[in-house]
Amino acid sequence: MVELSIREMTIDDVEEVHDLDGKCFSSPWTKHIYYREVKDNHFAHYFVIEKDAVIIGYVGLWIVADDAQITNIAVLPQYRGHGIGKHAFGFAMQYAIQQGAAQLSLEVRITNHIAQKMYESFGLKKGGVRKEYYPDNKEDAYVMWVNLV
């Protein structure tokens with residue numbers, strides 16, 4: 001695995017994270033969403049993954065009471081396959097536990113078998129389907145979850 005650091009996302013990271021999002025997702029979030037998440041949403045917790053002071057990925061989650069929800073996780077395409085996504089997800093999961101979350105959930109594309117397998121390696125199970133969840137192509141999403149306690 002490459003040498004990485006993970007730190008809390010700041011307002012100054014929004015431009016770079018937004019650019020990264022456009023390279024990773026067919027329906028990236030707007031800059032305004034990221035600004036609102038980092039600045040105004042007290043339930044939101046976002047972290048960037050850096051290599052040599054360059055953001056190569058990020059992970060975000062909401063924690064409300066004892067529920068944690070992964071909102072996004074992304075790694076630049078050229079860095080995939082090196083365990084960075086797994087490292088970021090593990091970090092987010094441990095962070096949720098430290099913050100008192102009792103369960104964690106997320107949505108994942110039905111066709112994203114690589115991500116599903118990674119989430120299953122952390123104990124997540126498929127708990128349902130959100131029909132036409134993704135706006136770019138109306139693809140369904142599995143809801144996956146795990147008890148943290």
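Residues numbered from 1 in each chain as written. Predicted model: local features only at pLDDT ≥ 70, side-chain atom pairs only at ≥ 80, totals over all residues. Heavy atoms only, no water.

1. Let's talk about the overall build of the protein
Thought 1: In terms of regular secondary structure, the protein is built from four helices and seven strands.
Thought 2: In the protein, the order of α-helices and β-strands from amino to carboxyl end is β-α-α-β-β-β-α-β-α-β-β.
Thought 3: Rg of the C-alpha trace for the protein: 15 Å, near the compact-globule value of 15 Å for 149 residues, within the 12% margin.
Thought 4: Looking at the 149 residues of the protein, the share that counts as buried comes to 41%. (Helix = DSSP H or I, 4+ residues; strand = E, 2+ residues; numbered from the N terminus. Rg over C-alpha atoms; globule rule 2.2 N^0.38 Å. Buried < 20%, exposed > 50% of the residue type's maximum accessible area, 1.4 Å probe, protein only.)

2. Digging into the packing of helix 3 (residues 84–98) against helix 4 (residues 113–121)
Thought 1: Running from amino to carboxyl end, helix 3 crosses helix 4 at an angle of 45°, the nearest separation of the two axes being 11 Å. By the angle class used here, helix 3 and helix 4 are oblique. Remark: the crossing between helix 3 and helix 4 carries right-handed chirality. Residue-level inspection shows G85, K86 and F89 of helix 3 in contact with helix 4, the latter providing M118, Y119 and S121. (Axes fitted to C-alpha atoms, helices over the stretch in contact; angles between N-to-C directions. Parallel < 35°, antiparallel > 145°, perpendicular 65-115°, else oblique. Left-handed = near helix turned anticlockwise from the far one by under 90°. Contact = heavy atoms within 4.5 Å.)

3. Some details on the pairing of strand 7 (residues 141–147)
Thought 1: Bridge count for strand 5 (residues 103–109) against strand 7 is seven bridges, and the pairing is antiparallel. From the neighbouring strand, L106 faces strand 7, where its bridge partner is M144.
Thought 2: Pairing of strand 6 (residues 125–130) with strand 7, which is carried by five bridges, proceeds in the antiparallel orientation. Paired with K125 across the two strands is W145, which belongs to strand 7. (Pairing = 2+ DSSP bridges.)

4. Structural notes on the packing of aromatic side chains
Thought 1: Under the defined criterion, the tally for this structure stands at nine aromatic pairs.
Thought 2: Summarising the aromatic geometry, the rings of W29 and Y34 are spaced 5.2 Å apart at their centres and angled 45° between planes, so their arrangement reads as tilted.
Thought 3: Through a chain of ring-to-ring contacts, three or more aromatic side chains come together here, namely W29, Y34, Y46 and Y58.
Thought 4: Over the ring of Y142 we find K126; its NZ or CZ atom is 4.5 Å from the centre of that ring. (Phe/Tyr/Trp six-rings, centres within 6.5 Å; stacked < 30°, edge-to-face > 60°. Lys NZ or Arg CZ within 6 Å of the ring centre and 35° of its normal.)

5. Let's talk about the pattern of salt bridges
Thought 1: Throughout the structure, instances matching the rule amount to nine salt bridges.
Thought 2: A salt bridge links D52 to K51, with the nearest nitrogen and oxygen atoms 3.0 Å apart.
Thought 3: Several salt bridges converge on common partners, so that one network encompasses R7, D13 and E50. (Salt bridge = Lys/Arg side-chain N within 4 Å of Asp/Glu carboxyl O.)

6. Quick notes on the packing of helix 1 (residues 14–24) against helix 2 (residues 31–39)
Thought 1: Relative orientation of the contacting elements helix 1 and helix 2 amounts to 130°, with a least axis distance of 10 Å. When the axes of helix 1 and helix 2 are compared, the pair comes out oblique. Note that helix 1 runs across helix 2; the crossing there is right-handed. Across from V14, E15, V17, H18 and D21 in helix 1, the residues of helix 2 making contact are K31, Y34 and Y35.

7. Some details on the sheet that holds strand 2 (residues 44–51)
Think of a sheet as strands paired side by side through backbone hydrogen bonds, with each pair either parallel or antiparallel.
Thought 1: A sheet is described by the order of its strands in space; here seven strands give the open sequence 1-2-3-4-5-7-6, paired in mixed fashion. If you trace the sheet from one side to the other, it starts and ends with strand 1 (5–8) and strand 6, each paired once. Neighbour-to-neighbour, the strand axes of this sheet turn through a mean angle of 25°, independent of strand direction.
Thought 2: Where strand 4 (residues 67–75) and strand 5 come together, three bridges link them in parallel fashion. Across the sheet, A68 pairs through a bridge with L104, a residue of strand 5.
Thought 3: In the packing of helix 1 onto the sheet, the strands contacted are strand 2, strand 3 (54–64) and strand 4, and the crossing angle to strand 3 comes to about 95°.

That's the geometry; what it means functionally is another story.
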